[in-house]
2 protein chains.
Amino acid sequence: MEALVRETVLKNDVEGPIREIGGLGANSYFKNSVYQRRAANVTKDIIDEVITKKLDVKSLSSASNRTIRLADFGCAVGPNTFTSLQSLIDIVKKKYLSQFPNEPMPEFQVFFNDQPSNDFNTLFRFLPPDREYFAAGVLGSFHGRVFPKSSLHVVQSNYALHWLSKVPESLVDKNSPAWNKGKIHYAGASDEVLKAYGERWAEDLNNFLNARAEEIVPGGMLIAIMPSIPDGMPYSELANGLLYSSFESTLLDMSKRGIISEDQVDAFNLPIYAAPPGEFAAVVEKNGYFDIEAIGLTNPAPWLTDDAHVDMKEYVRHIRASMEGMFTKHFPNEIVDEMFEQLLVNKLPKVFDKMERAYKDKIQSYYVLQRK
Amino acid sequence: MEALVRETVLKNDVEGPIREIGGLGANSYFKNSVYQRRAANVTKDIIDEVITKKLDVKSLSSASNRTIRLADFGCAVGPNTFTSLQSLIDIVKKKYLSQFPNEPMPEFQVFFNDQPSNDFNTLFRFLPPDREYFAAGVLGSFHGRVFPKSSLHVVQSNYALHWLSKVPESLVDKNSPAWNKGKIHYAGASDEVLKAYGERWAEDLNNFLNARAEEIVPGGMLIAIMPSIPDGMPYSELANGLLYSSFESTLLDMSKRGIISEDQVDAFNLPIYAAPPGEFAAVVEKNGYFDIEAIGLTNPAPWLTDDAHVDMKEYVRHIRASMEGMFTKHFPNEIVDEMFEQLLVNKLPKVFDKMERAYKDKIQSYYVLQRK
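Remember, it's a predicted structure, so these values are computed and weren't measured experimentally. (Residues numbered from 1 in each chain as written. Chains lettered and ligands numbered in written order. Predicted model: local features only at pLDDT ≥ 70, side-chain atom pairs only at ≥ 80, totals over all residues. Heavy atoms only, no water.)

Draft legend 1. The arrangement of the interface of chain A and chain B in detail. Of the residues lining the interface, 24 residues belong to chain A; the matching set on chain B comes to 24 residues. Carbon and sulfur atoms make up 55% of the surface buried where chain A meets chain B, a total of about 2,000 Å² over both sides. Here chain A is connected to chain B by two salt bridges. The salt bridge partner of B:R145 is A:E107, with a shortest N-O separation of 3.1 Å. The set of elements that each furnish at least two residues to the side of chain A that touches chain B consists of β1 (67-73), β2 (107-114), α5 (120-125) and β3 (134-139) of chain A. At six residues, β3(A) tops the list of elements feeding residues into the side of chain A that touches chain B. Looking at side-chain class alone, the side of chain A that touches chain B contains 12 nonpolar, six polar and six charged residues. (Contact = heavy atoms within 4.5 Å. Buried area = accessible area lost by both parts, 1.4 Å probe. Salt bridge = Lys/Arg side-chain N within 4 Å of Asp/Glu carboxyl O. Helix = DSSP H or I, 4+ residues; strand = E, 2+ residues; numbered from the N terminus. Nonpolar A, V, L, I, M, F, W, Y, C, P; charged D, E, K, R; others polar.)

Encoded structure:
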């Protein structure tokens, strides 16, 4: 959902409201996550450099333990997780070879973690047949422990840490100053709403870091990439802010037409927070278990030049693949179908030029942390 | 499929040919594997005793590696795998506490392995919520490597090692002395057929042991339970032999009625070999990586007393849950439905008394091996 490009690598001609996010259908995440992959590639060089400089590969593999263990937190069903983990393995191998050209290469074990609702059957089905690692699936919320102590060496979390563990309760509390009436996100909302989102996210990230601090060996690395925003910039000016406001406006129109109630809209809020790097760094420093070795903002879509344009229909398909699940938890399926239809026909055309320009901003942050 | 008892713990009132082995439907393995669980319980005391005596728990958990790793090879979708692995953890914990009452308990990580066709989503969904271990799913054939070197401490394989990696080619070769014309198994077949089955199984077990020898630490334990037969006893006299002959007779009748062709029956053979303990021991000794610490035959159904009887309809449901997949790979679904119907109505009633008696034989073997 973070970037746009006229890209049809995984394009599929089947259309319509087939609800098969976890599988391989036209609307599936598997076939509609090419934007996320391209966005992750942008930061590959930076990550490679920091790992090469900082990771002590020798200490990871002793005579008694000749396995290097990697994990992806929030892996979804693939295929991006396979590509990004292979990149990490390649860089670790390269460093190992350069330091110990005459020693046998350690073996690699890769763990794919996601929520219990993730479709692990699809993930397993598409594991690269020629992979150079032993694969395992691990289910459970990454806000808590999912691995034994000191059992991981290099881990990543791509496009996952912006998901909140839950929507802040105050957003749906009529007596709270953070009551988010008539809105579904903090884009363009009150300061109290923004604060409630930010606090929930900071607590989630702190829980994530506490769990990883136990699981990652001293000297091990944690790489994170997430949708973000320059510190101090209003979210409503961002491409995603424009998108969420379009969702909001679509739902409000539907409530005016009596298709859904006003209360239903008031009760719904997107559990997403695209923190600026400053807030991420503040949580890491307060948490205390990790050093920040690299931090920054990038443009996730450098290939989106001024004369490149995005197919809006395809864009909506990609957005739907990663976001539909949030809506179907709250609204009936036919309401969600109608909402995406209205979004495409009525709402997005009005802001799409502005969104295209906004996607050229630096709205993706990356972090390379090292366990102290 | 290995034992019978009038047992309705997981009984379900829905009937009919719903094909949902991997899920939770009436014919699913999940709801129809209570026999396998009861059968495994019989050997629990023996296994506990050998592990307590032989496993050096101290060596498994050093200062640098405080995790004990277990694996189940051929876990299916549960729930039996959860029960039997918890038993293994309990006995390891007990020994640890008795030897080191003042040291902190190591953490446990449990890997559930099965073929790529296994339904891991169902397995994950029913992981015990109060489990005392970190769980991971690992897909891949256990006839090859699926874990890093020396990464496992205690492993088990229950009711899985009788599955052949493939049917011996000679059984469907018209020019071979082992051509198994008009038959679907070695029960009541020629010596050449029996030999072809036995050789395929021995090679599979040797491959399994070679892979586990790399994955299990020196001193680690491997526990196996499988359907078996006393050395020298003809398979056709066994309960499963009677069952397979009933399948065979049903399919032959259907080919006489023109519903399937004779060639289709000739081309089908059950990929199952219930080796006697002597053959298992011979493979382990020739393989050379493991010591046999315990070996034996048990009656899998000691609760099946003379006055206990089995509900035939329920029995067929259980059989179907574990065996249907073999048939649907080869025959159209409607043929398989018809076959199970005919089995229940025409064939099994003729041999069911004899089968009930035969199930009281010692037809389950257990092995406790230790990695040298």
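Having put the structure on the table, let's press on.
Draft legend 2. Broad picture of helix α9 (residues 277-287) of chain A. Residues and elements named next belong to chain A. Taken as a whole, α9 has its buried residues at P277, F280, A281, V283, V284 and N287. All buried residues of α9 lie within an arc of 160° about the axis, which places them on one face of the element. Across from the buried face of α9, at angles greater than 90 degrees, the exposed residues are E285 and K286. The elements touched by buried residues of α9 are α6 (191-215), β5 (216-227), β6 (290-298) and β7 (364-371). (Buried < 20%, exposed > 50% of the residue type's maximum accessible area, 1.4 Å probe, protein only. Arc of directions from axis to C-beta.)

Draft legend 3. Examining the environment of A:D361 more closely. Residue and element names in this part refer to chain A. When you line up the elements, D361 lands in the loop between α11 (333-358) and β7. Here the alpha-carbon distance between D361 and N299, two residues 62 residues apart in the chain, equals 5.6 Å. Setting aside chain neighbours within four positions, we find D361 in contact with M233, T298, N299 and P300.

Draft legend 4. Layout of the confidence of the model for chain A. All names here are of chain A. Per-residue confidence for chain A gives a mean pLDDT of 85, with 85% of residues at or over 70. Here residues 1-21 scores under 50 on pLDDT; set against residues more than four positions off or in separate chains, the count is 71 contacts. Reported for the predicted complex are a pTM of 0.87 and an ipTM of 0.84. (pLDDT = per-residue confidence, 0-100.)

Draft legend 5. Geometry of the packing of helix α7 (residues 239-256) of chain B against helix α10 (residues 312-328) of chain B. Residues and elements named next belong to chain B. Between α7 and α10, the least distance of the axes is 13 Å, while the angle of their chain directions is 65°. In terms of their interaxial angle, α7 and α10 are classed as roughly perpendicular. Helix-helix and strand crossings are classified by hand; for α7 and α10 the assignment is right-handed. Within the contact between the two elements, α7 uses L243, Y244, F247 and L251 and α10 uses Y315, I319, M323 and F327. When its residues are assigned to classes, the contact of α7 with α10 shows eight nonpolar, no polar and no charged. (Axes fitted to C-alpha atoms, helices over the stretch in contact; angles between N-to-C directions. Parallel < 35°, antiparallel > 145°, perpendicular 65-115°, else oblique. Left-handed = near helix turned anticlockwise from the far one by under 90°.)

Draft legend 6. Structural detail: the environment of B:L344. Residue and element names in this part refer to chain B. The topology assignment puts L344 in helix α11 (residues 333-358). As for L344 and S246, which are separated by 98 residues in sequence, their C-alpha atoms are 9.8 Å apart. Here L344 is in contact with M312, K313, V316 and P349, once residues within four sequence places are set aside.

Draft legend 7. Summary view of the relation of the copies chain A and chain B. Overlay of chain A on chain B (RMSD 0.0 Å): rotation 180°, translation along the axis 0.1 Å. Taken together, the turn and the small shift mark the pair as related by a two-fold rotation axis. Relative to the rotation axis, the closest C-alpha in chain A is found at A:G137, a distance of 2.4 Å. A symmetric contact is evident, with 100% of the interface residues of chain A recurring at the interface of chain B. (Least-squares fit on C-alpha atoms with pLDDT ≥ 70 in both.)

Draft legend 8. Spotlight on the packing of α7(B) against α11(B). Residues and elements named next belong to chain B. Interaxial distance between α7 and α11 falls to 8 Å at its minimum, and their mutual angle equals 145°. Regarding α7 and α11, the two cross each other, and that crossing is right-handed. From α7, A239, L242, L243, S246, F247, S249, T250, L251, D253 and M254 reach across to α11, where they touch I335, E338, M339, F340, Q342, L343, K347, L348, V351, K354, M355 and A358. Its residues assigned to classes, the contact of α7 with α11 shows 14 nonpolar, four polar and four charged.

Draft legend 9. Structural detail: the pattern of salt bridges. For the structure shown, the criterion picks out 32 salt bridges over all chains. For A:E215, the salt bridge identified is with A:R145, shortest N-O distance 3.7 Å. In this pair, A:E215 is assigned in helix α6 and A:R145 in the loop between β3 and β4 (152-158), connecting sequence segments 70 residues apart. You can call A:E215 buried: its relative accessible area is 0%. Between A:E338 and A:R257 there is a salt bridge, and its shortest N-O distance comes to 3.2 Å. Linking A:E338 in helix α11 with A:R257 in the loop between α7 (239-256) and α8 (262-266), this pair joins segments that are 81 residues apart in sequence. Owing to a relative accessible area of 24%, A:E338 belongs among the partly exposed residues under this scheme. A relative accessible area of 49% places A:R257 in the partly exposed class. Linked through salt bridges whose partners overlap, the residues forming this network are A:E107, B:R145, B:R212, B:E214 and B:E215.

Draft legend 10. Focus on the environment of A:E314. Residues and elements named next belong to chain A. Take E314: it is sitting in helix α10 (residues 312-328). Relative accessible area serves as the criterion here: at 7%, E314 is assigned to the buried category. Residues E314 and S151, spaced 163 residues apart in sequence, show a C-alpha to C-alpha distance of 41 Å.

Draft legend 11. A look at helix α2 (residues 44-54) of chain B. What α2(B) keeps buried is the set B:I47, B:D48, B:V50 and B:I51. Residues of α2(B) that are buried in the fold lie against α4 (80-99), β5 (216-227), β6 (290-298) and β7 (364-371) of chain B.

Draft legend 12. View of the pairing of β7(A). All names here are of chain A. β7 sits mainly inside the fold: eight of its eight residues count as buried. Residues Q364, Y366, V368 and Q370 point to one face of β7 and S365, Y367, L369 and R371 to the other, with burial holding for every one of them. In this sheet, β7 lies alongside β5 in antiparallel orientation, the contact comprising seven bridges. Bridge pairing in β7 places L222 opposite L369. Where β6 meets β7, eight bridges bridge the pair, whose relative direction is antiparallel. Looking at the pairing, T298 lines up with Q364 of β7. (Pairing = 2+ DSSP bridges.)

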